[in-house]
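# Working through the structure, step by step
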Amino acid sequence: MFLRRSKRHPSSALDQGLALLNERLGSSPRDRTRKIASRLLVKPTAKVARSIYYAPDMDGQAEPGEIVWVTVPSDPPQERSLVVIGREHHDVLGLLISPREKHRHEDHWLGIGSGEWEDTGDPCWVRLDKTLMVPETEVHRRGTYIPPRRFERIANRLRDRFDWV
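Residues numbered from 1 in each chain as written. Predicted model: local features only at pLDDT ≥ 70, side-chain atom pairs only at ≥ 80, totals over all residues. Heavy atoms only, no water.

### Looking at the overall build of the protein
Along the backbone of the protein there are 2 helices and 8 strands. When the helices and strands of the protein are read in sequence order from the N terminus, they spell out α-β-β-β-β-β-β-β-β-α. Out of the 165 residues in the protein, the part that is buried amounts to 40%. Within the protein, residue pairs in contact and separated by at least 24 positions form 64% of the contacts whose partners lie at least 6 positions apart. For the protein, the exposed surface amounts to about 9,600 Å²; the carbon and sulfur share of it is 51%. (Helix = DSSP H or I, 4+ residues; strand = E, 2+ residues; numbered from the N terminus. Buried < 20%, exposed > 50% of the residue type's maximum accessible area, 1.4 Å probe, protein only. Contact = heavy atoms within 4.5 Å. Areas by Shrake-Rupley, 256 points an atom, 1.4 Å probe, with all protein chains shown as cover.)

Structure (C-alpha cells):
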C-alpha cells in the first residue's frame, strides 16, 4: 500500500514527504534493496526471557506479533523475515522464519503455516532457540502480522521451554 501523488511535480515538498513516509512505513518500492543490517545480535532465547504478549499495531514501532524483514550480512546478503516477540530499548527482538521443509522435524523449530511472510505461499517454521536483536531503524515493515492463535502457539512454547512469562 503506497501513498501516491501525481507525477506532475515530482520534486514538490509534498511528494518528498510522502516518499519519506512510505520509506519509514516500509512500503516503498525499494524494500528489497535495503542496506545490510549494521548490527545483528543472536542470543539464546532463554537469555532474553521476558513477558510476551500479542500487540501488533501498525503505528510507528514494530510490536510483538508483527512480521518484519531484515537484510542479514551473508554472502550474498539476504532479506529474512522475523516475527517480533519483544523489544529492548531501540532494538527489535525477533525469531527467524524459514520456508525450508527440513525444519518440519527439528525440535527447535515450530510450524507456523503459510502467510504474507513468504512470497511463495509455502508453509514456514519459526526458530525458537535463537533470538535476533536488530536496531528498529534497520528492519523493514510491510504491514504484516501473524494471526493471534499462531502467535500464542509461539508464546506458549517460549513460556514452556525458555522461561518466558
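Once the structure has been displayed, the description carries forward.
### What to know about the side chain of Glu-118
Relative to the helices and strands, Glu-118 is located in the loop between strand 5 (109-113) and strand 6 (124-127). One buried charged residue, Glu-118, forms no salt bridge at all, with the nearest opposite charge on Arg-80 at 7.7 Å. Ignoring anything within four residues of it in the chain, the contact list for Glu-118 reads Pro-99 and Cys-124. (Lys, Arg positive; Asp, Glu negative; His and termini not counted. Salt bridge = Lys/Arg side-chain N within 4 Å of Asp/Glu carboxyl O.)

### Examining the environment of Lys-43
Within the secondary structure, Lys-43 sits in strand 1 (residues 41-44). The residues contacting Lys-43, other than those within four sequence positions of it, are Val-48, Asp-129, Lys-130, Thr-131 and Met-133.

### Details of the pairing of strand 3 (residues 78-88)
One ladder, built from 6 bridges, connects strand 2 (residues 66-72) with strand 3; its direction is antiparallel. Its bridge partner being in strand 3, Trp-69 is matched across the sheet by Ser-81. What sits between strand 2 and strand 3 in their antiparallel hairpin is a turn of 5 residues. Where strand 3 meets strand 4 (residues 91-98), 6 bridges bridge the pair, whose relative direction is antiparallel. Across the sheet, Val-84 pairs through a bridge with Gly-94, a residue of strand 4. Where strand 3 hands over to strand 4, the hairpin turn is made up of 2 residues, of which His-89 adopts a positive phi near 55 degrees. (Pairing = 2+ DSSP bridges.)

### What about the side chain of Thr-71?
Its place among the elements puts Thr-71 in strand 2. A polar atom in the side chain of Thr-71 sits 3.4 Å from the side chain of His-140. (Polar contact = N/O pair within 3.5 Å; in protein donor to acceptor, adjacent residues only side chain to side chain.)

### Here's the deal with the pattern of salt bridges
A complete count under the given rule lists 9 salt bridges for this structure. Notably, a salt bridge pairs Glu-79 with Arg-142, separated by 2.7 Å at the nearest N-O pair. Taken together, the residues Glu-79 in strand 3 and Arg-142 in strand 8 (residues 140-145) connect sequence positions 63 residues apart. With a relative accessible area of 23%, Glu-79 lands in the partly exposed category.

### Quick notes on helix 2 (residues 148-162)
At 3.6 residues per turn, the α-helix brings residues three or four places apart onto the same side. In a regular helix each residue adds 1.5 Å, so 15 residues correspond to 21 Å; helix 2 covers 20 Å between its end C-alpha atoms and thus fits that length. Buried residues of helix 2: Phe-151, Ile-154, Ala-155, Leu-158 and Phe-162, and no others. Down the axis of helix 2, the buried set is contained in an arc of 95 degrees. They therefore lie on one face. In helix 2, the exposed positions that point more than 90 degrees away from the buried face belong to Arg-149 and Asp-160. Note on helix 2: the residue one or two positions beyond its end, Asp-163, has a positive phi of about 65 degrees. (Expected span 1.5 Å × (residues − 1). Arc of directions from axis to C-beta.)

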